Amino acid sequence: MNNRTKWIQSRIRTGWVLLVLGGLVGLAGIYTELQYGYEPFNYRILTGAGILLAGAGAGYLARYWPALKDERSARRLCAEERDERTMMLRSRAGNRAYYVSAVMTFAGLMWASFASNGSLPPLTGDAVWNFLAASVLIPFGVYIASYLMDERNS
C-alpha cells in the first residue's frame, strides 16, 4: 500500500464518518421534532445539519471511491489535489471570499450600531435571517466564481 492509497482511504473514511454522523443527527432531529414538537424550539435545524453532514460525506465518497479502484485515476486525483497551481487558486479565492464576508459582517455590525440610536430602522427577525443567509451564501459564491475565473484565465 503506497502513500496515495493511504491518503485516498483516509478521505473515504472521512466520507463514511460524515455520512453516518449526518444520518444520526438527521434521525435525532426527526425524532425530537416528533416527540417535542410542542416546544418553542425548532428542531428541524438538527435535521438540516444532518442533511448537510450527510451531503458532505456523500461528496467525499463520490469523489474518492472511484480513485481507490483505479490506480491511474488515483494518481491523477492526487496530482490534482496537491498541485501548487490549484492550491494557489484556492487560497486566492478563499482570500477574496474572506474579504467579502468581512465587509458584509462589518456592514451588519454598523447597521446594528446605527439602528440602536435610531439612525436606521432596526433589523427584525426576517431581515436578520436574510442578512445572515446572504453572509454565508455570497462569500461562497465569490469563492466559486473567483476560483473558476482564475482557473480559466491562468
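Provided above is the structure to which this section pertains.
Source: prediction; values computed, not measured. (Residues numbered from 1 in each chain as written. Predicted model: local features only at pLDDT ≥ 70, side-chain atom pairs only at ≥ 80, totals over all residues. Heavy atoms only, no water.)

1. A few points about the pattern of salt bridges
Part 1: Under the defined criterion, the tally for this structure stands at three salt bridges.
Part 2: Residues Arg85 and Glu151 are paired through a salt bridge, measuring 3.4 Å at the closest nitrogen-oxygen approach. Taken as a pair, Arg85 in helix 4 (residues 84-116) and Glu151 in helix 5 (residues 125-153) lie far apart in primary sequence, 66 residues in all.
Part 3: Arg96 is the partner of Asp150 in a salt bridge, and the nearest nitrogen-oxygen pair spans 2.8 Å. Taken together, the residues Asp150 in helix 5 and Arg96 in helix 4 connect sequence positions 54 residues apart.
Part 4: With relative accessibility at 10%, the residue Asp150 sits in the buried group.
Part 5: Counted as one network, the salt bridges with shared partners bring together Arg92, Arg96 and Asp150. (Salt bridge = Lys/Arg side-chain N within 4 Å of Asp/Glu carboxyl O. Helix = DSSP H or I, 4+ residues; strand = E, 2+ residues; numbered from the N terminus. Buried < 20%, exposed > 50% of the residue type's maximum accessible area, 1.4 Å probe, protein only.)

2. Some words on helix 4
Part 1: Helix length check: helix 4, at 33 residues, gives a terminal C-alpha distance of 48 Å against a target of 48 Å (1.5 Å per residue), a fit within 8%.
Part 2: Residues of helix 4 that are buried: Thr86, Leu89, Ala93, Ala97, Met104, Gly108 and Ala115.
Part 3: Each element contacted by the buried residues of helix 4 is listed here: helix 3 (71-82) and helix 5.
Part 4: Gly118, located one to two residues past helix 4, shows a positive phi value of around 90°. (Expected span 1.5 Å × (residues − 1). Contact = heavy atoms within 4.5 Å.)

3. Overview of the packing of helix 1 (residues 3-36) against helix 2 (residues 44-69)
Part 1: For the pair helix 1 and helix 2, interaxial distance at closest approach is 7 Å and the crossing angle is 160°. By the angle between their directions, the pair helix 1 and helix 2 is classed as roughly antiparallel. Relative to helix 2, the crossing made by helix 1 is left-handed.
Part 2: Looking at the contact of helix 1 with helix 2 residue by residue, the class counts come to 21 nonpolar, 12 polar and three charged. (Axes fitted to C-alpha atoms, helices over the stretch in contact; angles between N-to-C directions. Parallel < 35°, antiparallel > 145°, perpendicular 65-115°, else oblique. Left-handed = near helix turned anticlockwise from the far one by under 90°. Nonpolar A, V, L, I, M, F, W, Y, C, P; charged D, E, K, R; others polar.)

4. Things to note about the packing of aromatic side chains
Part 1: Enumeration over the complete set of coordinates arrives at five aromatic pairs.
Part 2: Geometrically, the ring pair formed by Phe41 and Tyr43 is edge-to-face, given 4.9 Å between the ring centres and 75° between the ring planes.
Part 3: Relative to Tyr64, the ring of Tyr60 lies with its centre 6.0 Å away and its plane at 40°, an arrangement referred to as tilted. Placement of both Tyr60 and Tyr64 in helix 2 is noted, with a separation of four residues, approximately one turn of the helix.
Part 4: We classify Tyr60 as partly exposed; its relative accessible area is 27%.
Part 5: What makes Tyr64 buried here is its relative accessible area of 4%.
Part 6: Each residue in the set Trp7, Tyr60 and Tyr64 is aromatic and connected to the rest through ring pairs, giving one cluster. (Phe/Tyr/Trp six-rings, centres within 6.5 Å; stacked < 30°, edge-to-face > 60°.)

5. Examining a nonpolar patch on the surface
Part 1: A contiguous nonpolar surface patch, about 410 Å² in accessible area, is contributed by Trp16, Val20, Leu24 and Trp65.
Part 2: Sort the elements by how many residues they give to the nonpolar patch and helix 1 lands first, with three residues.
Part 3: By secondary structure assignment, the location of Leu24 is in helix 1.
Part 4: Here Leu24 falls in the exposed class, since its relative accessible area comes to 54%. (Patch = residues over 30% accessible without salt bridge, like charges linked within 9 Å, V, L, I, M, F, W, Y side chains within 5 Å. Areas by Shrake-Rupley, 256 points an atom, 1.4 Å probe, with all protein chains shown as cover.)

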